[in-house]
Amino acid sequence: MVVGVGIDIVEVSRIAKAMENPRFSRKVLTEREEAYCDSPARVAGRWAAKEAIIKAIGFPLRLNQIQVVNNPLGQPIVTITDPNFDGKRLKIFVSITHERTHAAAVAVIERSVLQVPM
Ligand SMILES: CC(C)(COP(=O)(O)OP(=O)(O)OC[C@H]1O[C@@H](n2cnc3c(N)ncnc32)[C@H](O)[C@@H]1OP(=O)(O)O)[C@@H](O)C(=O)NCCC(=O)NCCS
């Protein structure tokens, strides 16, 4: 069942400015995300996705404890490295969009419901 939803929007220019500081990427992105993000718009998409996920989860995470990388179809796949996150029961879905000026994302958290033996 769905137990959380979050949304975020960010200006690409704000992220481009922040990227001038080399510490920004290390604080926000994982190594795989850094390798994937070839434009400020893609970094902005990751930023929005992570903020949306934090809203949906309802407890604080460091941004680089959240990884959003794309599968071969291009769909963004989320991994959380915080040991307090119950990745066995909680699944996170995220969708990202970016235009010239803005990037946005929405996240949904699903918790698996235990099956009752029949
Ligand atoms: C996939 C598609 C909807 C993306 O829409 P778009 O308007 O070009 O781009 P947007 O800015 O709205 O979204 C870009 C984001 O969509 C996400 N995305 C890309 N492919 C996706 C897919 N197949 N499913 C879900 N999300 C996808 C990515 O997160 C991407 O951002 P990122 O590269 O920074 O991770 C569009 O390319 C499309 O309709 N393609 C035709 C169908 C297609 O190729 N499907 C994929 C193969 S099955």
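The structure we're discussing is the one just above.
Described in the following lines is the structure provided in the data block.

A few points about the environment of V106
Stage number 1. Within the fold, V106 resides in strand β5 (residues 102-111).
Stage number 2. Using a relative accessible area of 34% as the deciding quantity, one classes V106 as partly exposed.
Stage number 3. The sequence separation of V106 and K50 amounts to 56 residues, and the corresponding C-alpha distance is 9.4 Å.
Stage number 4. In contact with V106, other than residues within four places in its own chain, are V5, G6, I7, A52, F93, V94 and S95.

Brief notes about the site of the ligand
Stage number 1. Surrounding the ligand, one finds Y36, R42, R46, N70, L73, G74, Q75, P76, I96, T97 and H98.
Stage number 2. In this structure, R42 approaches the ligand through a side-chain N or O atom, which is 2.9 Å from an oxygen atom.
Stage number 3. Measuring from an oxygen atom of the ligand, one finds a side-chain N or O atom of N70 at 2.9 Å.
Stage number 4. When the ligand sits alone it has 860 Å² of accessible area, and the protein chains cover 44% of it.
Stage number 5. Every element with two or more residues in the shell around the ligand is listed here: α4 (40-57) and β4 (90-98).
Stage number 6. Ranked by residue count, the leading element in the shell around the ligand is β4, at three residues.
Stage number 7. Residues of the shell around the ligand, tallied by class, amount to four nonpolar, five polar and two charged.

Describing the pattern of salt bridges
Stage number 1. Inspection of the entire model under this criterion finds four salt bridges.
Stage number 2. Between K17 and E20 there is a salt bridge; the shortest N-O distance is 3.5 Å. Each member of the pair, K17 as well as E20, is classed as exposed.

Focus on the nonpolar core
Stage number 1. If you look at the biggest cluster of nonpolar residues, it comprises 30 residues, and the most contacted ones within it are I53, I57, V78, I80 and I92.
Stage number 2. For this core, the elements supplying multiple residues, two or more each, are α1 (12-18), α2 (22-28), α4, β2 (66-70), β3 (76-80), β4 and β5.
Stage number 3. Per element, the largest residue contribution to this core is 10 residues, and it comes from α4.
Stage number 4. Beyond its immediate chain neighbours, meaning those up to four positions away, I80 contacts I53, I57, L61, Q65, I66, F85 and I92.

Points about the pairing of β5
Stage number 1. Across nine bridges, strand β1 (residues 2-11) lies against β5 in antiparallel orientation. The residue of β5 that forms the bridge with G6 is A107.
Stage number 2. In this structure, the hairpin formed by β4 and β5 is closed by a connection of three residues.

Let's talk about a nonpolar patch on the surface
Stage number 1. A contiguous nonpolar surface patch, about 270 Å² in accessible area, is contributed by M1, V3 and V113.
Stage number 2. Tracing the backbone shows V3 in strand β1.
Stage number 3. Taking the relative accessible area as the measure of exposure, V3 reaches 37% and is therefore partly exposed.

Here is what the cut-offs are and how they apply
- Residues numbered from 1 in each chain as written.
- Predicted model: local features only at pLDDT ≥ 70, side-chain atom pairs only at ≥ 80, totals over all residues.
- Heavy atoms only, no water.
- Helix = DSSP H or I, 4+ residues; strand = E, 2+ residues; numbered from the N terminus.
- Buried < 20%, exposed > 50% of the residue type's maximum accessible area, 1.4 Å probe, protein only.
- Contact = heavy atoms within 4.5 Å.
- Near = heavy atom within 4 Å.
- Polar contact = N/O pair within 3.5 Å; in protein donor to acceptor, adjacent residues only side chain to side chain.
- Areas by Shrake-Rupley, 256 points an atom, 1.4 Å probe, with all protein chains shown as cover.
- Nonpolar A, V, L, I, M, F, W, Y, C, P; charged D, E, K, R; others polar.
- Salt bridge = Lys/Arg side-chain N within 4 Å of Asp/Glu carboxyl O.
- Core = buried A, V, L, I, M, F, W, Y, C linked by side-chain atoms within 4.5 Å.
- Pairing = 2+ DSSP bridges.
- Patch = residues over 30% accessible without salt bridge, like charges linked within 9 Å, V, L, I, M, F, W, Y side chains within 5 Å.

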